Every structure is written in structure tokens, then in C-alpha cells.
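Listed here are the chains, written in short residue letters.
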Amino acid sequence: MESMGVFSGGDFRAWTTLLVLVSLLLGVSGIAAAKDESALVEVAIQLKWRHQFQFAGYYAAIEQGYYRDAGLNVTLYERSESRSPIDQLMSGRVEFAVADTGALIYRASGVPLVALAAIFQSSPSVLVTRADGPIDSLYDLKNQPVMLSGGYMNAELLAMLANAGMAVDDVQVVPSETSLEPLISGEVAGYNGYSTNEPFEFTRRAIPYRVFRPSDYGIDFYGDILLTTETMLNTAPDVTRNFLEATRRGWDYALTHPDKVVDLILRDYNTLGKSREHLMFEAEASKSLILPNVVPVGYMNEERWRHIESVFRDQGLLTGEVDLNTFLYSAEPDSLFDELFWAHRWYWLVALVSMVGLALLLHARRLHAEVAVRTRQLSDAKQQAEQEARTDYLTNLPNRRHLLECLVRYSAQSQRHDLPLSLIMIDVDYFKRVNDEYGHAAGDEALRQVSALLAESVRTGDMAARMGGEEFAIVCLNNDAQEAVALAQRLCQDIASTPVTFGSTEFSLTVSMGIAVYEHGEAVSSLLQKADLALYQAKAGGRNRVQTWHADGDLPSGPRTASP
Ligand SMILES: Nc1nc2c(ncn2[C@@H]2O[C@H](COP(=O)(O)OP(=O)(O)OP(=O)(O)O)[C@@H](O)[C@H]2O)c(=O)[nH]1
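Residues numbered from 1 in each chain as written. Predicted model: local features only at pLDDT ≥ 70, side-chain atom pairs only at ≥ 80, totals over all residues. Heavy atoms only, no water.

(A) Molecular detail of the layout of surface pockets. Empty space within the second largest pocket amounts to approximately 1,100 Å³. Lining the second largest pocket are 40 residues, with Trp 49, Thr 178, Asn 192, Tyr 194 and Glu 198 sitting closest to its centre. Per element, the largest residue contribution to the lining of the second largest pocket is four residues, and it comes from strand β8 (residues 190-194). Split into classes, the residues belonging to the lining of the second largest pocket amount to 12 nonpolar, 15 polar and 13 charged. Split by domain, the residues of the lining of the second largest pocket number at least three in each of domain 2 (35-123 + 221-343) and domain 3 (126-214). (1 Å grid on protein atoms, 1.4 Å probe; cavity = no way out; pocket = protein on both sides within 12 Å on 5 of 7 lines; lining within 4 Å. Points joined across faces, edges and corners; volume = space filled by probe spheres on them. Helix = DSSP H or I, 4+ residues; strand = E, 2+ residues; numbered from the N terminus. Nonpolar A, V, L, I, M, F, W, Y, C, P; charged D, E, K, R; others polar. Domains from an automatic or database assignment.)

Given below as C-alpha cells:
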């Protein structure tokens, strides 16, 4: 767990490289998008109403330079009393227009309109009543004066009334006005407003109100359809696509920075004289209908348009055939998946970078774990090698090197704590004969069995070792000369009385032993030499015996010679 949250040098370099690559990619695309002002294509858009947050995306796209990046110089026109947006579009005064779903009726009657995008996924069009009046349900509007626009303008409100069980004739239709006063004064019982607008005024004036939404009565229309003409689409498809993309970017910006765009409206577009609070209310209410977190801004679905078409047909507003394939604009990417992918590309990028980062982190952790395992293996191998270097391969007893280390340590302890220390050198008698008579393998086995006997006879802390060939030694700390002699004699007898078994063969062995007792201050080599000399004397004395070294002993100093 120790590497969690800590980047190694390798991780850091990988991250840096990735970030540089991403920056380069973004930088390159930014440079490519920059356009020469003189080469901009002039286009105009007719808005559906007066300036307000309802058209925030277009203001943002101009202000943020998205249209310029797309090679366009865009002019916005507010709604004029005399001409509808569709009139403006079809007369060629503008290339684009924002209108409502009634555009479908035009299309059915042969007007070559193309719907590029539906900005509001749910129409803001609602019927507003006073909550403190006699209207508790739509049915209460029967025979009441209700402000409504005729034809397709309020088709969704009329369809709502129809779904609530009323005919258009059941209410007294009063022509629309922009003023709310007739409703407030009680002159009319219902008012065709926008859920993004009128509620603010009622709240501000502390007048209780009620909103009847078509969507609550199964009528689900889009709001604010961005339109162009077939001619425009055929003659300038790139301009159309670029305009749509830049508009979407504008909306994305406006919906994520509503306060900035409200500032912009107050500064440059506030022909309605709305307050900041009113515009912020509109921004909030619009966002809940545009649903930018659910679908890319402008998303359209053929099924929804079929639904709208059927409502128009039910009301007798639409009779001809409508070819939705030609009415609904489709450019690549055209699937919801692709649209969602592009709309959320930054999230994907962040997710991708996070995943790469996570993968690097996991890789670093795995490397860390691998290094730990390898280090442990190396340490084990080293320990094993050291152990093997100090162990006799045939008998598994400590070897000569190990015994010498032990002697050095024990001699220091003996001196420090004034403890007796004895060294017993042991040599198998006439061992050459064993090899000669029973074979080398039997000789090996004999050495193993002698070793086992020695190992089990020494006390814990003492050491029995094989010095080489048929020679062994025992180091006894805290054993005086007498105890060492007693141990050696007992071992001599045990070895002599314990036959060696090799397969079906049995034979006996004897050993000779030389004992020396450590004198404080003397070198380990001197102790070894004395024990060796005592062993030599034991051999010379007839073998199968124990000889203790004495300072005044008559010991020969030359090398021992084997004698059968
Ligand atoms: N099988 C076997 N024989 C060994 C090993 N190491 C040494 N030897 C044999 O041990 C014998 C030692 O012979 P010598 O040094 O002449 O001594 P000895 O025959 O024991 O006679 P004394 O020591 O004088 O009693 C040699 O024949 C060596 O080859 C071993 O690891 N295995």
C-alpha cells in the first residue's frame, strides 16, 4: 500500500508526456479553427421573439467567437410584428430562423423548410391561471375567456384542452396580448404564457398562479426549432453544418455560464428591459427544458416529431403527407450515441486520461511489488548460498569454515565470561580400508552415520563439524577438560559399538580423538594445533582412544602419517 498516491519518476514522465500531447492536440485544433476575418461568410438569423435568455446560445456564440471560428459573421434579428420568422426565412431575408413546431405544418403544405435542431426538448408553452381564482382544473375554463393564439401557434395548448375533455369552442378564445394585466385583473381566466417567463412576474408581484403544462396531458412538443431552407442546405451545406455546430457550442457555453450571458444580454440585447433576476430566472427555467445534461443541445428524435405530427392531424391542422426524412436535418454524426459522444467529448478525454493515469499507477504498483518479491528472493538466495558455504554437502554438518568462525566467537566469550572451552578433533581409523573393502559409496554412508551420531550427542550451543575427509571436530563451550574427555570417551564407545549399515552390509568403525582446552589469550590456530597433536598421539597410541593435550606432553611436531 505504500506506493498509493505516490508517483515514481516514471509515472511523472508518462503523465507529463500525455499532458503535452493533449495540449498539442488542443492547440493545433485551436490554430486550425482560427479564421481570417475577411473570409467570413455573412449569414442572418431571425429570432422568434424579442431578445431574452431564450436566445442565449446565439448571443454566446457571437460573443465567444464560435461563429467566427466557424467562418461565419452572424447577424441576429429580433421578432418584428409584421413578419413571422418563417416568412423572413422563405423570403430569403435570413438564412436561418427560430420558429416553433408549426414549421411541420408548413412543410406538409410544401414549404421546403428543414429543421436543424430543437433547442428546447420540452416546449415552454403553458396555460397560466390565477391560483386564487375559481379555476382549479382545465375543465373550469369552460365558457371562460382564455387568451389563445389561433392555428398552429397554440396547437399544443389546444391539444391539451382536447385531452382534458374540452373542445376549442368550449372556451371563449381571446386574442393574445403580451401584457399580463388582463389575467391579473380577472378580465381573462387563462393566459398563454411561457413557463420560463410569466411565473417570475407573478412571484415578484406576490400573485398566486397556476401553470397547466401540455406535457402533463400527454402533449409533448419541442420548443424553438432552428430552421433553414432546402435551398440553403443544398447550396451551402458546410455553412449550415458550421452554423449549427457553432450554435450548439454557444448553447453549451450559455447553459454553463448563465450569469455571464445574462451580463451580455443586459449590456447588448436587453430590448425588453428585463431585470437581471428575471433573466436569471429565465436561464434556470430554460435549462430545465433544454436538458443539456440528458441530450446534446438541439437533439431531435423522429418519434417525437411523429407525435407532434399526430397532434396536428388530430386538430385538423395538417392533412398532407410529411416526409420527415427531408424535413429533419441529419449530418454526421447522426446517431444519439455519436451525438452524445461529441457533446461529452471532454468528459471522455478526462476519463481517458484518468484511465491512463490509473493504469500507470497500477503498473507502478505492480513493478513495486515485483521488485519487493525479487529483492526477497535475492536475499533468500544469498542466505541460502551463505548457509551452503558453511555446510558440508555430504553430511549436512557445519563445515570447517563454520567451525572456525564458531571457535573465534566462543574463544571471545570464554575469555569475557571466564568459561571453559574445549576442542575435540576426531578422525576415523583406517578409513581407507572402508573405501577399499566396501566401496566409496559405503564410505560416504559411514561418514554420514558417524556425523549423525556426533550431531545428536552434542549439547545445544555446542557444535559438531566435519573438517574434511574422515576428520570431524566438536567445540564445547562451558565444558572443562574432564567433561570433554567424558564426552569423547562415550562417543568413542558409541561409534565402536554401533555398526555402520550399508544395504545388506554391516561393518564397524573406530575413531581416535584429541582434546585441547582453550587458554585465555591464545590464538584459535594454536588451540587447533594442540588438538591436532593430541589426535596424532591418540593415533600413534593405537587408535580407538582419546588423548588430551598437555603442555608438558611429549608430542611429536611433524605431520601425522596414516598407518593401517
Ligand atoms: N568415501 C569417502 N572417502 C573419503 C572421503 N574423504 C576422504 N576419504 C578417504 O578417506 C581415506 C583417508 O585415508 P588416510 O588419510 O590414509 O587415513 P586412514 O585410512 O583413515 O587411516 P588413519 O587415519 O591413519 O587411521 C582416503 O582413502 C580418502 O580417499 C569421502 O568424502 N568419502
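(B) Structural context of the site of the ligand. In the vicinity of the ligand lie 18 residues, with Tyr 430, Phe 431, Lys 432, Asn 435 and Asp 444 positioned nearest. Backbone polar atom of Val 428 to an oxygen atom of the ligand: 3.1 Å apart, as the coordinates give it. Arg 466 has a polar side-chain atom sitting 2.8 Å from an oxygen atom of the ligand. Considering the ligand on its own, with 660 Å² of exposed area, one finds that the protein chains cover 74% of that surface. Breaking the shell around the ligand down by element, the ones donating at least two residues are β11 (421-428), α18 (431-438) and α19 (440-457). Sort the elements by how many residues they give to the shell around the ligand and α19 lands first, with four residues. Residues of the shell around the ligand, tallied by class, amount to five nonpolar, five polar and eight charged. (Near = heavy atom within 4 Å. Polar contact = N/O pair within 3.5 Å; in protein donor to acceptor, adjacent residues only side chain to side chain. Areas by Shrake-Rupley, 256 points an atom, 1.4 Å probe, with all protein chains shown as cover.)

(C) Just unusual backbone geometry, in detail. One non-glycine residue, Asn 478, lies in positive phi territory at about 70 degrees. Note on placement: Asn 478 falls in the loop between β13 (471-477) and α20 (481-497). With a phi close to 50 degrees, Asn 544 is a non-glycine residue in the positive phi region. Take Asn 544: it is sitting in the loop between α21 (524-540) and β17 (546-548). Judged by its relative accessible area of 37%, Asn 544 falls in the partly exposed class. (Buried < 20%, exposed > 50% of the residue type's maximum accessible area, 1.4 Å probe, protein only.)

(D) Highlighting the nonpolar core. One finds Ile 45, Phe 53, Tyr 58, Leu 226, Phe 243 and Trp 251 to be the most contacted residues of the largest nonpolar core, which totals 46 residues. In terms of residue count, the dominant contributor to this core is helix α10 (residues 237-256) (eight residues). In this view, Leu 226 contacts Ile 45, Tyr 58, Phe 96, Ala 97, Val 98, Val 114, Ala 115, Leu 116, Ala 117, Phe 243, Leu 244 and Thr 247; residues no more than four positions away in its chain are not counted. (Core = buried A, V, L, I, M, F, W, Y, C linked by side-chain atoms within 4.5 Å. Contact = heavy atoms within 4.5 Å.)

(E) Expanded view of the pairing of strand β2 (residues 72-77). Alternating positions in β2 separate cleanly, Leu 72, Val 74 and Leu 76 being buried on one face and Asn 73, Thr 75 and Tyr 77 remaining unburied on the opposite face. When strand β1 (residues 41-46) meets β2, the two strands line up parallel, connected through six bridges. Following the sheet pairing, Gln 46 is matched in β2 by Tyr 77. (Pairing = 2+ DSSP bridges.)

(F) Geometry of the packing of aromatic side chains. Applying the stated criterion across every chain, the model contains 10 aromatic pairs. For the ring pair Tyr 59 and Tyr 269, a centre distance of 4.0 Å and an interplane angle of 20 degrees mean the geometry is stacked. With Tyr 59 in helix α2 (residues 56-63) and Tyr 269 in helix α11 (residues 258-269), this residue pair connects regions lying 210 residues apart in the sequence. Ring geometry for Trp 305 versus Phe 327: centroids 5.1 Å apart, planes at 90 degrees, classification edge-to-face. On the criterion of sequence distance, the pair formed by Trp 305 in helix α13 (residues 302-314) and Phe 327 in helix α14 (residues 324-327) is long-range, its members being 22 residues apart. Exposure remark for Trp 305: the relative accessible area of 0% places this residue in the buried category. Taking relative accessible area as the criterion, Phe 327 reaches 0% and is therefore assigned buried. (Phe/Tyr/Trp six-rings, centres within 6.5 Å; stacked < 30°, edge-to-face > 60°.)

(G) Expanded view of the packing of α11 against helix α12 (residues 276-290). One can describe the packing of α11 onto α12 by two numbers: an axis separation of 10 Å at closest approach and a directional angle of 135 degrees. One element, α11, and the other, α12, form an angle in the oblique class. Between α11 and α12 lies a crossing of right-handed hand. Along the contact surface, α11 presents Pro 258, Asp 259, Val 262, Asp 263, Ile 265 and Leu 266, while α12 presents Arg 276, Leu 279, Met 280 and Ala 283. Across the contact of α11 with α12, the residue classes break down as seven nonpolar, no polar and three charged. (Axes fitted to C-alpha atoms, helices over the stretch in contact; angles between N-to-C directions. Parallel < 35°, antiparallel > 145°, perpendicular 65-115°, else oblique. Left-handed = near helix turned anticlockwise from the far one by under 90°.)

(H) A look at empty space enclosed by the protein. Counted according to the given criterion, the structure contains one cavity of 30 Å³ or more. By volume, the largest cavity amounts to about 40 Å³. Surrounding the largest cavity, Gln 52, Gln 54, Phe 120, Pro 124, Tyr 194, Thr 196, Asn 197, Lys 274, Glu 282 and Ser 286 form its lining. Considered class by class, the residues forming the lining of the largest cavity number three nonpolar, five polar and two charged. Of the residues that make up the lining of the largest cavity, three or more belong to each of domain 2 (35-123 + 221-343) and domain 3 (126-214).

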